[in-house]
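Geometric and topological summary
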Amino acid sequence: MANLLSIPFKKTYPIEIKEATRAYISHQGGAHPDEFKRDIKSWQDLRKDGVGGVVHENRVESSLLYHAQLVSILTKLPTDMQLAIAYAPAFTPSSIPITLNNLVFERACLLFNLGALYSQLGGAQDRSNNEGIKSAAANYQARLMCQQAAGTLFFLHSVVLPKLVYPPGDEEIPLDLSNGFVKGLEWLMLAQAQECFWQMAKINQYRNSVIAKIAAATASFYRSAAAAFRNAPSQVRALLPSLTLYNHSDLYKDWLPHIETKEHHFASVAEYRESMVEYEASPNIFLTLAIIHNSNYSGRYGNELGRLAKAQMEAKQAYDIARRGKIAATVLQDAQSLLETVKKGESQAHRDNDLIYHQDVPSPSALTAIQEAKLVSSTIPKGLQNPSSVLGTRHQLFSELAGWGSREAINIYKDRKRNLIKDNILDVAQELQDRADEELRKLNLPSALEALERPIGLPPSLLRKAEEVRLENGPAKIEASIEDVQRLARQDLTILEEALDILDTEASEDEAARKEVPLNRLKSYEANVELIEKSTRYRSILTQAAESDETVRQKWDEWEENISELTLDEEILEASVPSSTITPTSQTTPQGKQTRNHARALRVKLEELDTVRRDRDQIVHRAQTLADADDIQERIMQASSGFERMADVTPDMFEDILDEELGKYDKFIVEMTEIQKKQEEMITEIQNRNTQFLDSRRDDPIVKEREIALQSLDMAYSKYREITRNLEEGFKFYNDLAAILIQFKEVCKTWSHHRNQEIHALTRAMQSMSIKDEEPCEDVSSPKHKPAPKNAQVHPVQGIPSRKVPLGKSSLGLPAINSSEWDFEELTLPPGPGEK
């Protein structure tokens, strides 16, 4: 319809639903993708008819059905399931599409297109001639569709857009889905629905006062729409069709002038109709009597003139805006006709007032505001408010699949449980063990006691440790582990070098191509800056890791001889330790007896400390056993079944259950705290007892020599365990880093491949232009010769244009160097040397 604006569709492109859905279900869905073949096929079919693009009433039902199923899908699948969804901005279907891995983006664009469909169905009603204008059915249908368009847009910006979260720093943001833009379109639809009411009131010859109130409300709606667009950021406001943007295209009119024209037009209509109310409120018979008797009677003709003056001012403003802007001819004609009518009425009223009434004309600001009669509101389609009603008895897609919110809650519980046990039980137990070992090492225990208690031979504890190293073939094991770690380090460095070779090759090809054809794109060293920064980061990590490896190697060189000594036969090992002899006489002296008493007391405390260690290990074992058997899935699924059929189930809805289940581990934390307190008390007592023991045997050099030898072997075992632990951590580190570097190499390969495709595409384009240059010239103003946007390139897939990559960004849109999206940014390096 000529005098109503219709919202255009957002153009979309095919998406790889099958591949992305199967991959997600296979890796994270806890099921086999073949179980959902029918659901995936249905999803693909629903999208074809549901995303808009065709103006037909049947497509409303298709869109509502797809929306209902999409709501259901979002309860089962996460918003980001690595499914790339592309939509071009509204009003510019040929522009570069915005591509996001976000199902909420799909839902938002679907609702935008549903609102556009309603608006186009309303605009399709034939009201361009008298028969159409007088048709109550046409007016009713246009008003109903505009209200439903407004309701759909209201639902979009109030319910869906708050859930559309963009990654930090993402430049690919659909501005036509910004709140200001969508709200402006909603006001516009309400204004056009109200205009349909005004037109019916005019046709049915309602009282002037009623028509004035309806017109005032219409102007108010248009005013709100214009304000929403004017107050929006410039890049959002620029989305509206305009003369400069669309080069006088007949497809899109100049929207903002159209809306502003309507705003002032209906403000003028309201004042004009109200002036007629003022005229009708001044009875001529009383006026005549007043004039005859020369009384001071004051009628309302002054108000009539004030209203007419204001109406003329608004009408002139409407006509001036319409004349300057490219708007529909019917709207311009209406503005001109109204201006002429108001001028004629004001001229007649002025003559009557000057000749007869002589009333004072109030200023526009002194006139009372016309009461508005808003007869329309945003009508949200029932299918949006209650998606279940649309589905009815239809199969709900992926209903047999556990919802992503439930699965995520289970994963969150597993992570929290693992972290709780690690931070509060395992790590605390290890810290307590390290603290006890370190303190005993400082006190030379139990070597000092064993040297006294066993003047010859080796203590049983040391024999057990030596046997452990001997059975593991400790030195050979360490040498093999060092070789394995170094081999992995070399492999990681090789992968990194291969990735850089790919970038170097691409740079060489880019440089060679620039010598043959002009390339309108960033040079390699500008386009790959992010990848180079990543490679520098990885090389730095490898350098630091190599330093840690060297420290471990030095530690092994330092302790290799002592550790190798532990692998000797028991007789040879025993012979290497000096013996001490305690004569019966020395045992019966007061000093000897005192030494033995202090030694026994110290031994008791060491045995109590060993009991504490066993209790601590028992706590760790019980906690790990419970964690291994702990499965929260059944309870989560039972709780999720209690939610509504299509409720948006999120992990935070299970917080109470997670907290309650994690409470099972509080007893272990309490017990570990008590163990920690008990151990500290025992270490203090051991320190005191050891001081007394040392004081009583201060002058016994033979025993001291044996102590030192036993302590050296005990320290060698401790270093053996430390070195093997360091090598295990280094082995895991390089394996994890290898996976990350392989991923980085693939990104470099894909990036290079896309760059090469761009070169081939540009080369073919240049060759094509050369061939055309040899053909007869055609009119370049023809639509066939519209130049492509300066920043556009040809996408290698599906013919979708691609945006020129900004400086510092790869063509794949990789995250920034300090982005948390790279899981390996917080990668832990192998441990340093520690204390020797």
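Residues numbered from 1 in each chain as written. Predicted model: local features only at pLDDT ≥ 70, side-chain atom pairs only at ≥ 80, totals over all residues. Heavy atoms only, no water.

**Describing the overall build of the protein**
Scanning the protein from N- to C-terminus turns up 29 helices and four strands. When the 836 residues of the protein are sorted by exposure, 45% land in the buried category. Within the protein, residue pairs in contact and separated by at least 24 positions form 83% of the contacts whose partners lie at least 6 positions apart. Surface exposure of the protein reaches about 42,500 Å², of which carbon and sulfur atoms provide 51%. (Helix = DSSP H or I, 4+ residues; strand = E, 2+ residues; numbered from the N terminus. Buried < 20%, exposed > 50% of the residue type's maximum accessible area, 1.4 Å probe, protein only. Contact = heavy atoms within 4.5 Å. Areas by Shrake-Rupley, 256 points an atom, 1.4 Å probe, with all protein chains shown as cover.)

**With respect to the packing of aromatic side chains**
Following the criterion strictly, the structure yields 12 aromatic pairs and no others. Each ring, one from Phe733 and one from Tyr734, has its centre 5.0 Å from the other, and the planes form 70°; the classification is edge-to-face. Members of the aromatic cluster, connected to one another through ring pairs, are Phe91, Phe181, Phe229 and Trp255. The positively charged end of Lys374 is found above the aromatic ring belonging to Phe221, 5.1 Å away from the centroid. (Phe/Tyr/Trp six-rings, centres within 6.5 Å; stacked < 30°, edge-to-face > 60°. Lys NZ or Arg CZ within 6 Å of the ring centre and 35° of its normal.)

**Description of unusual backbone geometry**
In most cases, non-glycine residues show a negative phi, while peptide bonds are predominantly trans. One non-glycine residue, Gln82, lies in positive phi territory at about 60°. Along the chain, Gln82 falls in the loop between helix H3 (58-76) and strand E1 (85-87). Although it is not a glycine, Phe91 sits at a positive phi angle of roughly 75°. On the secondary structure map, Phe91 appears in the loop between E1 and strand E2 (98-100).

**Quick word on the pattern of salt bridges**
Using the criterion set out here, one finds 49 salt bridges in the structure. Residues Arg539 and Glu497 are paired through a salt bridge, measuring 3.0 Å at the closest nitrogen-oxygen approach. Within this pair, whereas Arg539 is found in helix H22 (residues 529-565), its partner Glu497 is found in helix H20 (residues 474-516), the two being separated by 42 residues in sequence. The shortest N-O distance in the salt bridge between Glu498 and Lys745 comes to 2.6 Å. Taken together, the residues Glu498 in helix H20 and Lys745 in helix H29 (residues 701-774) connect sequence positions 247 residues apart. Assessed through its relative accessible area of 32%, Glu498 is described here as partly exposed. (Salt bridge = Lys/Arg side-chain N within 4 Å of Asp/Glu carboxyl O.)

**Re helix H19 (residues 460-471)**
With 12 residues, H19 ought to run about 16 Å at 1.5 Å a step, and its terminal C-alpha atoms sit 16 Å apart, in line with that. Those residues of H19 lying buried are Leu462, Ala466 and Val469. Seen end-on, H19 carries its buried residues on one side only, within an arc spanning 60°. Away from its buried face by more than 90 degrees, H19 exposes Arg464 and Leu471. Of the residues one or two after H19, Asn473 is the one with positive phi, at around 50°. (Expected span 1.5 Å × (residues − 1). Arc of directions from axis to C-beta.)

**Considerations on the environment of Trp43**
With respect to the helices, strands and loops of the structure, Trp43 is situated in helix H2 (residues 37-50). Classification of Trp43 as buried rests on a relative accessible area of 0%. Through-space distance from the C-alpha of Trp43 to that of Lys18 is 9.0 Å; in sequence the pair is 25 residues apart. Residues contacting Trp43, with those up to four places away along its chain left out, are Ile17, Thr21, Tyr66, Ile73, Leu77, Met81, Leu83, Leu103, Leu397 and Phe398.

**Looking at the state of the cysteines**
Evaluated as defined, the whole model comprises zero disulfides. The thiol of Cys146 is not disulfide-bonded; the next cysteine sulfur, from Cys196, is found 5.5 Å away. For Cys196, a relative accessible area of 2% translates into the label buried. (Disulfide = S-S within 2.5 Å.)

**Quick word on the nonpolar core**
Among the nonpolar cores identified, the biggest contains 108 residues, and Trp43, Leu156 and Phe398 are the most heavily contacted of them. Among the elements that take part in this core, helix H4 (residues 103-123) stands out by supplying 13 residues, more than any other. Looking at which domains feed residues into this core, each of domain 1 (1-204 + 376-401) and domain 2 (252-370) gives three or more. Apart from the residues lying within four places of it in its own chain, the contact partners of Leu156 are Ala108, Leu111, Phe112, Leu161, Leu177 and Val182. (Core = buried A, V, L, I, M, F, W, Y, C linked by side-chain atoms within 4.5 Å. Domains from an automatic or database assignment.)

**Points about the packing of helix H1 (residues 17-28) against H2**
The interhelical angle for the contact between H1 and H2, taken along N-to-C directions, is 145°, at an axis separation of 10 Å. Crossing handedness for the pair H1 and H2: right-handed. Counted together, Ile17, Lys18, Thr21 and Arg22 of H1 and Lys37, Ile40, Trp43, Gln44 and Arg47 of H2 form the full contact between these two elements. Split into classes, the residues belonging to the contact of H1 with H2 amount to three nonpolar, two polar and four charged. (Axes fitted to C-alpha atoms, helices over the stretch in contact; angles between N-to-C directions. Left-handed = near helix turned anticlockwise from the far one by under 90°. Nonpolar A, V, L, I, M, F, W, Y, C, P; charged D, E, K, R; others polar.)

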